[in-house]
Every structure is written in structure tokens, then in C-alpha cells.
There are 6 protein chains.
Amino acid sequence: MPTIFFYGPKLDKEKRREMIKSFTETASRLSGKSKASIVVYLRESSPESVGVGGELLEDREKQK
Amino acid sequence: MPTIFFYGPKLDKEKRREMIKSFTETASRLSGKSKASIVVYLRESSPESVGVGGELLEDREKQK
Amino acid sequence: MPTIFFYGPKLDKEKRREMIKSFTETASRLSGKSKASIVVYLRESSPESVGVGGELLEDREKQK
Amino acid sequence: MPTIFFYGPKLDKEKRREMIKSFTETASRLSGKSKASIVVYLRESSPESVGVGGELLEDREKQK
Amino acid sequence: MPTIFFYGPKLDKEKRREMIKSFTETASRLSGKSKASIVVYLRESSPESVGVGGELLEDREKQK
Amino acid sequence: MPTIFFYGPKLDKEKRREMIKSFTETASRLSGKSKASIVVYLRESSPESVGVGGELLEDREKQK
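Residues numbered from 1 in each chain as written. Chains lettered and ligands numbered in written order. Predicted model: local features only at pLDDT ≥ 70, side-chain atom pairs only at ≥ 80, totals over all residues. Heavy atoms only, no water.

Draft legend 1. Expanded view of the packing of helix H1 (residues 13–31) of chain A against helix H1 (residues 13–31) of chain F. Relative orientation of the contacting elements H1(A) and H1(F) amounts to 175 degrees, with a least axis distance of 10 Å. On the basis of their axis angle, the class for H1(A) and H1(F) is roughly antiparallel. Touching A:Lys15, A:Glu18, A:Met19, A:Ser22, A:Phe23, A:Thr26, A:Ala27, A:Arg29 and A:Leu30 of H1(A) are F:Lys15, F:Glu18, F:Met19, F:Ser22, F:Phe23, F:Thr26, F:Ala27, F:Arg29 and F:Leu30, all from H1(F). Residues that form the contact of H1(A) with H1(F) fall into these classes: eight nonpolar, four polar and six charged. (Axes fitted to C-alpha atoms, helices over the stretch in contact; angles between N-to-C directions. Helix = DSSP H or I, 4+ residues; strand = E, 2+ residues; numbered from the N terminus. Parallel < 35°, antiparallel > 145°, perpendicular 65-115°, else oblique. Contact = heavy atoms within 4.5 Å. Nonpolar A, V, L, I, M, F, W, Y, C, P; charged D, E, K, R; others polar.)

Shown next, in the form of C-alpha cells:
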């Protein structure tokens, strides 16, 4: 039953597959729970709705 | 003040109404908190961004 | 794979059983997903660490 | 490393900037952690997918 | 109905009061929702169960 | 700024270190974000407060 949430940038499908596979294998091996019982949620978070260091991420990225 | 989050597939409006009603009544009855104080968030999660058993749900559903 | 989180007061074991049973049946019926695939997390939240209306819940409860 | 999640209505960009700035300053001052280490996620939640008092928020707003 | 979650270090009661008050006032002012409808959850997170930069926070703090 | 939450059983310290290291490396490699910016929260969830398949996990584990 372990459940994993990832909040981060949008990833293309091949990377989503890899992330789910890797997180699930690591979580199963370390928790002793079967891979079948593990759910991973990839929650996209765009720079328009995240703040880092008190600033909108979108603004920070433009400054670079 | 209880708060409930549901992560799952997109539901049509009538089902969203039923889910909110049922979750709220159950939570109010068992926690002793008023229904007015309970908030339910239905957070849609598409098969393209969920993993089950180490695989993208979208891929699993295609195999069936 | 639906996942439900409940943030609220500590409940005794019989009430936790009822809440899990009811939430799972409702979620399964409305989402069309099997009950076996649904996970419910009951996350206890004490009045010392919740705010309602800008006040610590513990303070509000004392005023009554 | 503190992390803040806000679930609420969609805000325009200037308000998102203000919310991130204010939450981060408050969290840094009270937790003693640097502003640079604090992340804020603004998670939009529409009236079609939130329930208050057992009713879909969209339905409640129409009644007023 | 906005809901705010803060994941961070344990705070003493006076700081918890201030954080709840400040977050609620900011969220109410910017979202246009009443303060009475806003719930804040302070979720304590200890250095033994948080990772930053790939390391357990407890280990990082010892190195300093 | 990616943030990862793991809800699952209590792990001993060495396993927590491994999980944080592995999740962070995978998330950094696939998202292109620096490891330093990634935070992992390990949120312990005991069998007394989790439901699987409509039953309290604690009850299910006793039946086996």
C-alpha cells in the first residue's frame, strides 16, 4: 500500500515510465511491500504556480 | 474542519455530487464534526500520470 | 488505484473501520475501480496543530 | 526545506506573487529556515471538484 | 474553503498561532474567501524523516 | 524544487537514507533539476490508520 507523490515539472511519457519504475522498485525493496501494491502519482506543477525563495518560479527562470 | 482528498479518475458531475455527499455524511457521523465544516477535494488523476505496480497505468490498461 | 486521505481528529478503532469501509465502498461504486485497489489513509490532526478561521483550533475549543 | 501547499481558487499572477512572498516570509521567520529553502505550491481547485458541507461548491454558489 | 498545509519543523505554540493567523489573513485577502472558511494544517516533519539534496536532513545537520 | 512524499511503513534509518538517495537521484536525472533542490518527505503510516480493500490494514495482517 505505499503511495508516492511527485510534485514537479511535466515529464514526457518515457521519463514518466522510468520514474514510476524506479520509485516503485526502490520503495518495494526497502519497505518489503510488493510492487503490485505501490501507487505513484505524478502531479505536474508549472512554474506559474510554484514559489521558490519567495518568488514565483516563472519570474526566477526569466531572470536567468 | 476535517478535510478529505480523493485522488482518482475523472467522474461526471452526478457522481461527484454523490461522492461528496457520502464522504461528508460518513466523516461527520464518525468524527462528530458538523457537515458544514467538512471540505472534500476531488483531485483528478489521469492514467498518463499514475503508476501501479511499477507501470504507467495507461500502459497497463492497453494490455488488457 | 484511487487513494483517499482523511485529515481529522483521532478516531477509535471501530470508527476507523467504519470510515475505511464506507469510503472504499463509495469510491469503488462511483469510480468503477475494484475495492481491492483502493487505499485510505487516516491522518490524525490534533487541535494543537490545526487552524480554523485564523485561530488555533485548541484555542477556539477552549472559548466554548 | 519547509513546503507549503495552498488548495484554493485560481488566482491571477499578481496575487500568486503576493501569496508566495507572504507565505515564504512568514514561514521563514517563524521556522528559522532560510527563504531560499522554502517551496510553495499553489494547487488550483475549481468549484466543480470541491465539496463544502456535503454539496458541490458549484451548486452552492448557484444557490446564492 | 481554501486549505493550507505546512510541512516543516515543530514550532512552539505561540509561533503556531502566528503562522495560522498570518497564513489565514493572506489567503483570505488574496482569494476573497472568508477567514472562517480557511483551514490550516501544520504537519510536523522531523529531520529523521526528511531528505534534502539526497541526504537525510539529520545527517546534514550533524555535518555542520 | 521537486518534492516527493512517501506514505508507507516505518523504515529504519539506513533504509530511509537509501530511499532518499535513490528517489532524489532518479528525480534529478529525469526532471533535470539539481539534487540540491529536491526535498523528500517520508510520512510514516501505521497499519492502525490505513485501509486497503475496505479493511483496516491491521485487521488484514492478523488474518494472514
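Once you've had a look at it, read on.
Draft legend 2. Here's a closer look at the interface of chain B and chain E. Each partner contributes to the interface: chain B provides six residues, whereas chain E provides six residues. Taking both partners together, chain B and chain E bury about 430 Å²; carbon and sulfur atoms supply 63% of that area. Taken together, chain B and chain E are joined by zero salt bridges. Listing elements by their share of the side of chain B that touches chain E, those giving two or more residues are strand E1 (3–8) and strand E2 (39–44) of chain B. Looking at side-chain class alone, the side of chain B that touches chain E contains five nonpolar, one polar and no charged residues. (Buried area = accessible area lost by both parts, 1.4 Å probe. Salt bridge = Lys/Arg side-chain N within 4 Å of Asp/Glu carboxyl O.)

Draft legend 3. Local environment of the pattern of salt bridges. Tallying each qualifying case throughout the model produces 54 salt bridges over all chains. A salt bridge links A:Glu14 to A:Arg17; the shortest N-O distance between them is 3.0 Å. Here the residue A:Glu14 and the residue A:Arg17 both occupy positions in helix H1, the gap between them amounting to three residues, near one helical turn. In this structure, the salt-bridge partner of F:Glu25 is F:Lys35, at a minimum N-O distance of 3.9 Å. With a gap of ten residues between them, F:Glu25 in helix H1 and F:Lys35 in the loop between H1 and strand E2 (39–44) connect regions that are remote in the sequence. Residue class for F:Glu25 comes out partly exposed when judged on its relative accessible area of 34%. A network of salt bridges, in which partner residues are shared, links A:Glu14, A:Arg17 and B:Asp59. (Buried < 20%, exposed > 50% of the residue type's maximum accessible area, 1.4 Å probe, protein only.)

Draft legend 4. Spotlight on the packing of aromatic side chains. Under the definition given, this model contains 42 aromatic pairs over all chains. With a centroid separation of 5.6 Å and 45 degrees between ring planes, the pair formed by A:Tyr7 and D:Tyr41 is classed as tilted. Taken as a pair, A:Tyr7 in strand E1 (residues 3–8) and D:Tyr41 in strand E2 (residues 39–44) lie in two separate chains rather than in one. Each member of the pair, A:Tyr7 as well as D:Tyr41, carries the same accessibility label: buried. With 4.9 Å between their ring centres and 65 degrees between their planes, C:Phe5 and F:Tyr7 make a pair best called edge-to-face. Note that C:Phe5 is positioned in strand E1 (residues 3–8) and F:Tyr7 in strand E1 (residues 3–8), a pairing that runs across two chains. (Phe/Tyr/Trp six-rings, centres within 6.5 Å; stacked < 30°, edge-to-face > 60°.)

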